[in-house]
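Per-entry structural report
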Amino acid sequence: MTQEDIRQVINAVQALDAKTAKEVEEARVRFLGKKGIITMLFEEFRNIPPEDKKLYGKELNMLKQQAVAKINELKSIAETNFACEVSIEDLSLPGFEYELGSRHPVSIVRQEIIDIFRKFGYDVAEGPEIDDDYHVFGALNFPPNHPARDMQDTFFVSTGHPNPLLLRTHTSSIQVRTMESRKPPIRVICPGRVFRNEAISARAHCIFHQVEGLYIDKGVSFADLKQSILLFAREMFGDDTKIRMRPSYFPFTEPSSEVDVSCNICHGKGCNVCKGTGWLEILGCGMVDPNVLEVNDIDPNVYSGFAFGMGIERIAMLKWQVNDLRHYFENDLRFLEEFNTAVEV
Ligand code: DAH
């Protein structure tokens, strides 16, 4: 074997042309098979005098690498050609089936809530998922030692600071950011993802979604709040839906209330979904506490307002009678496909 022999084989490899998978395989056997040209050169390598071995070894290895790369390239071209030939060979063959995706049920309900409040004149506002203690708690009238700031509920990003960063536990923080950047009248709806340090179960998750609402103007009253929630509930759950308000407590509203809707399954008669009560809780709300207005530079002697907050998964569970919150996070297609028909095209 001379260097010239090797060079000739290199040229032959570079000039290789094979169109079909069969031709490619033949070329492979011719060059790299057990009795192939390159394999034989390696056999001859044994007889090369030791002082030339280094030079010949390097060239042979390069040749082999080039041949393997060339064969692989021809092989993939042949496979692509084959696929093209097959697909145009018979145009009457049935096409490939594509699975159509659909919107996630949480996104569907989120959009529905936004659409309802848009009709009432609300804009959409957003805020950061990583926020600070001031915007999530402080400016919302949470006393410094309120349990909601406790490590058990909140995922802290940084501690040891007077205003630590944390994952927001509710979308009420967007109220604060809105009051900072706008002057009344304010009418916003704030959808977003929230995080709580809770064990995952059928009724609780560490990540879920909320929609917050805020309306501030001169002369806003509790009656306005009640009417807005009633209209929302009827749009969401049906015209015959009734609501009831129960007194409650939130640091940022005074008075505060929790709202139930009449059970959309038994229509108030009592069933296992409403645990025999005929009512289902949908949201928390109240009149914005004057302290919150003041902290955010809005004069409580001139303006008043109401706020409300609801869990999107909770509304979706009630709307579609889903009894386990975890379904919304597991991406099981059998569950998600049930909502295909709910997509507006
Ligand atoms: N932020 C409350 C929560 O996460 C929900 C809420 C209750 C929001 C009452 C409000 C409200 O705006 O007025 O549980």
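1. Digging into the packing of helix α5 (residues 105-119) against helix α8 (residues 222-237)
Viewed as axis vectors pointing N to C, α5 and α8 meet at an angle of 135°, and their least axial separation amounts to 10 Å. Relative to α8, the element α5 lies oblique. Of the two elements, α5 crosses α8, and the hand of that crossing is right-handed. Where α5 approaches α8, its residues V109, E112, I113, I116, F117 and K119 are matched on the opposing element by F232, E235 and M236.

2. Points about helix α1 (residues 3-14)
Residue pairs three or four apart in sequence face the same way in an α-helix, which turns once every 3.6 residues. A rise of 1.5 Å per residue sets the reference length of α1, with its 12 residues, at 16 Å; its end C-alpha atoms lie 17 Å apart and thus fit the reference within 8%. Those residues of α1 lying buried are I6, V9, I10 and V13. Angularly, the buried residues of α1 cover 105° about the axis, an arc narrow enough to put them on a single face.

3. Notes on the state of the cysteines
With the rule as written, the count across this model stands at zero disulfides. Between C271, a free cysteine, and C263, which holds the nearest cysteine sulfur, the sulfur-to-sulfur gap is 3.7 Å. Sulfur of C274: no disulfide; nearest cysteine sulfur belongs to C266 and is 3.6 Å away.

4. Comments concerning the nonpolar core
Core analysis: the biggest nonpolar cluster contains 44 residues, and I113, I282, F308 and M310 have the highest contact counts within it. Of all the elements in the fold, those that place two or more residues in this core are α5, β5 (207-217), α8, β7 (253-262), β8 (279-288), β9 (304-311), α10 (312-320) and α11 (333-336). Residue contributions to this core peak at seven residues, all from α8. Not counting chain neighbours up to four residues away, the residues in contact with I113 comprise V211, F232, M236, M310, I312 and I315. In this structure, L140, I216, F252 and V288 belong to the second largest nonpolar core, which totals 22 residues.

5. Notes on the packing of aromatic side chains
Counted under the stated rule, the structure contains 13 aromatic pairs. Ring geometry for F117 against F120: centres 5.5 Å apart, planes inclined by 85°, an arrangement best described as edge-to-face. By relative accessible area, F117 is classed as buried at 0%. Aromatic ring contacts, followed pair by pair, group F117, F120, Y122, Y215, F232, F306 and F308 into a single cluster. Of note, R187 hangs over the ring of Y215, and the distance from its end group to the ring centre comes to 4.7 Å.

Rules used in this analysis
- Residues numbered from 1 in each chain as written.
- Predicted model: local features only at pLDDT ≥ 70, side-chain atom pairs only at ≥ 80, totals over all residues.
- Heavy atoms only, no water.
- Axes fitted to C-alpha atoms, helices over the stretch in contact; angles between N-to-C directions.
- Helix = DSSP H or I, 4+ residues; strand = E, 2+ residues; numbered from the N terminus.
- Parallel < 35°, antiparallel > 145°, perpendicular 65-115°, else oblique.
- Left-handed = near helix turned anticlockwise from the far one by under 90°.
- Contact = heavy atoms within 4.5 Å.
- Expected span 1.5 Å × (residues − 1).
- Buried < 20%, exposed > 50% of the residue type's maximum accessible area, 1.4 Å probe, protein only.
- Arc of directions from axis to C-beta.
- Disulfide = S-S within 2.5 Å.
- Core = buried A, V, L, I, M, F, W, Y, C linked by side-chain atoms within 4.5 Å.
- Phe/Tyr/Trp six-rings, centres within 6.5 Å; stacked < 30°, edge-to-face > 60°.
- Lys NZ or Arg CZ within 6 Å of the ring centre and 35° of its normal.

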